[in-house]
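Listed below are the residues making up each chain.
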Amino acid sequence: QPFIKIRDVVKKFDNFVAVDDVWLDIYKGEFFALLGPSGCGKTTLLRMLAGFETPTSGTIEIDGVDMSEVPPYRRPVNMMFQSYALFPHMSVEQNVGFGLRQEAVPRSEIAHRVAEMLELVQMSELARRKPHQLSGGQKQRVALARALIKRPKVLLLDEPLGALDRKLREETQFELVNIQESLGLTFVIVTHDQDEAMTVSTRMAIMDRGRAVQIGTPGEVYEYPNSLYVAQFLGDVNVFECRVIDAGKDHTTVDSPEAGCQIFADRGLDALGGQEVYAVIRPEKIEISKTLPVETRHNCISGIVYDIGYLGNMSVYYVRLVTGAKVKVTAANRSRLVERPITWEDQVWLSWPPAAS
Ligand code: ADP
Ligand code: MG
């Protein structure tokens, strides 16, 4: 039984459709991400869960209750805003305890719960500081503690780490997951950053112009994108236009004049012979070699290296095929001493297993 049921939800602003017919189930204890480019309707969907916006049509059910008549403050959810919205004149502990004071919770209990929350977000030492005396990362922790203190069943987070620099953001992602797991709560996060969604979420919905176009675990959406849009949004891809030769339940063979070869995949495709499709191959799945690979039955083409990017931990190779098509390949640099390094103008073989197309 899903904890949050979103059914055929549409949100229009005048004639503009911001959220378009979204159907989504979110289960208890999930860390669910709404991922998509700016303007695709993520925040609007989150605000409908919080009750700050009303769906134009469709229904939202949380914990078995239809939310259409339930105001924000009576919903079992709390929202953490992008801007943190801390009260500047209050100390850290006053900010965190604010929600409980509003509800006339006894002083001793407030003190106890504030201390517990500050411990959770590792801010106990800075309890007396004011927001202007805190770094971005510390403000983010205070906002999180404040959003959690009322023990919501669902925490909604709108781009919670957007203001932090890259390294801090990565550390904080893992902390968020730890907190979510230790409290056993349901988190719904909005982000436009695919790495962030991949890192924190147990499942995600990828959004495109108001629609949830694919829903799945990070592994499912990365390995089995259901559209070119999803494949390209979730990282680098080589794309070849192809025609289907043979499509079955668990295998597909296509012919690609662009790549100059046939491409085999070990996934089924609901398509007819002759139909135009795209083959999508990620740069890190391709093996690059100066010698013809031993196993050459599947997916092997040759080309000339025309550019190399050295990134320290890995190198990026750009290869031109005889057809003129360009292929990007990334390879981890495991050793400093490469016996036969690949250089410009080298002829190379590119190969990848059927599981990579
Ligand atoms: P995201 O969070 O994915 O960046 P939003 O949900 O904020 O996207 O917005 C989706 C679209 O709806 C945008 O084009 C935005 O301009 C529009 N929109 C959002 N809120 C309103 C509003 N209150 N009035 C009119 N248009 C809005
Ligand atoms: Mg937004």
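Residues numbered from 1 in each chain as written. Chains lettered and ligands numbered in written order. Predicted model: local features only at pLDDT ≥ 70, side-chain atom pairs only at ≥ 80, totals over all residues.

Soluble globular proteins tend to bury their nonpolar side chains together. If you look at the biggest cluster of nonpolar residues, it comprises 62 residues, and the most contacted ones within it are L34, L49, A145, L156 and V188. Counting residues per element, this core draws most heavily on helix α4 (residues 136-148), which supplies 6 residues. Judged by nonpolar contacts, the second largest core, of 18 residues, contains F240, A259, V327 and L350. (Core = buried A, V, L, I, M, F, W, Y, C linked by C-beta atoms within 7 Å. Buried ≥ 20, exposed ≤ 12 C-beta atoms within 10 Å, placed from the backbone. Helix = DSSP H or I, 4+ residues; strand = E, 2+ residues; numbered from the N terminus.)

This next bit is on the packing of helix α2 (residues 92-102) against α4. It is the contact of α2 with α4, at a shortest axis distance of 7 Å, that shows an interaxial angle of 25°. Classified by the interaxial angle, the pair formed by α2 and α4 is roughly parallel. In the packing of α2 onto α4, the handedness of the crossing is right-handed. Judged by residue contacts, V92, N95, V96, F98 and G99 of α2 engage V142, A145 and R146 from α4. (Axes fitted to C-alpha atoms, helices over the stretch in contact; angles between N-to-C directions. Parallel < 35°, antiparallel > 145°, perpendicular 65-115°, else oblique. Left-handed = near helix turned anticlockwise from the far one by under 90°. Contact = placed C-beta atoms within 7 Å.)

The subject of this paragraph is the UniProt feature "domain: ABC transporter" (unreviewed entry) in the protein. The feature "domain: ABC transporter" (unreviewed entry), as given by UniProt, occupies residues 4-234 in the numbering adopted here. Strand forms 26% of residues 4-234 and helix 36%; the C-alpha atoms that close the span are 25 Å apart. (UniProt positions renumbered as here; feature names shortened; annotations may be inferred.)

Now for the sheet that holds strand β17 (residues 314-321). Read across the open sheet, the 5 strands follow the order β15-β19-β16-β17-β18; overall the sheet is antiparallel. Sheet topology places β15 (287-289) and β18 (326-332) at the edges, where each strand pairs with a single neighbour. Mean inter-strand twist for the sheet, computed between neighbouring axes without regard to direction, equals 40°. Where strand β16 (residues 300-310) and strand β19 (residues 347-351) come together, 5 bridges link them in antiparallel fashion. (Pairing = 2+ DSSP bridges.)

Between the first and last C-alpha of helix α3 (residues 107-120) there are 20 Å, a value that for 14 residues agrees with the 20 Å anticipated at 1.5 Å per step. Burial in α3 covers these residues: I110, V114, M117 and L118. Taken down its axis, α3 places every buried residue within 100° of arc, on the same side. Structural note: α3 exposes S108, E109, H112 and E119 on the side pointing more than 90 degrees away from its buried face. Contacts made by the buried residues of α3 are with α2 and α4. Phi turns positive, to about 55°, at Q122, one or two residues after α3. (Expected span 1.5 Å × (residues − 1). Arc of directions from axis to C-beta.)

The next thing to look at is the pairing of strand β1 (residues 4-13). As paired strands, β1 and strand β4 (residues 57-62) are joined by 5 bridges and run antiparallel to one another. Of the residues in β4, the one forming a bridge with I6 is I60. As paired strands, β1 and strand β2 (residues 16-26) are joined by 7 bridges and run antiparallel to one another. Each residue of the ladder has a partner; that of K12, found in β2, is V17. In this antiparallel pair of consecutive strands, β1 and β2, the connection spans 2 residues, and D14 shows a positive phi of 55°.

Before going further, it helps to spend a moment on the site of ligand 1. Taken together, the neighbourhood of ligand 1 is formed by F13, F16, A18, G36, S38, G39, C40, G41, K42, T43 and T44. Breaking the shell around ligand 1 down by element, the ones donating at least two residues are β2 and α1 (42-50). For the shell around ligand 1, the element with the most residues is α1, which contributes 3 residues. The class makeup of the residues in the shell around ligand 1 is 4 nonpolar, 6 polar and 1 charged. (Near = placed C-beta within 6 Å. Nonpolar A, V, L, I, M, F, W, Y, C, P; charged D, E, K, R; others polar.)

A few words now on the sheet that holds strand β12 (residues 252-256). Here 4 strands make up an open sheet; going across it, the order is β13-β12-β11-β14 and the pairing antiparallel. What marks the edges here is a single partner per strand, and that holds for β13 (261-265) and β14 (276-281). Shown here is a sheet whose adjacent strand axes are inclined to one another by a mean of 45°, direction ignored. Direction of pairing for strand β11 (residues 238-247) relative to β14: antiparallel, over a ladder of 6 bridges. What sits directly across from C242, in β14, is V277.

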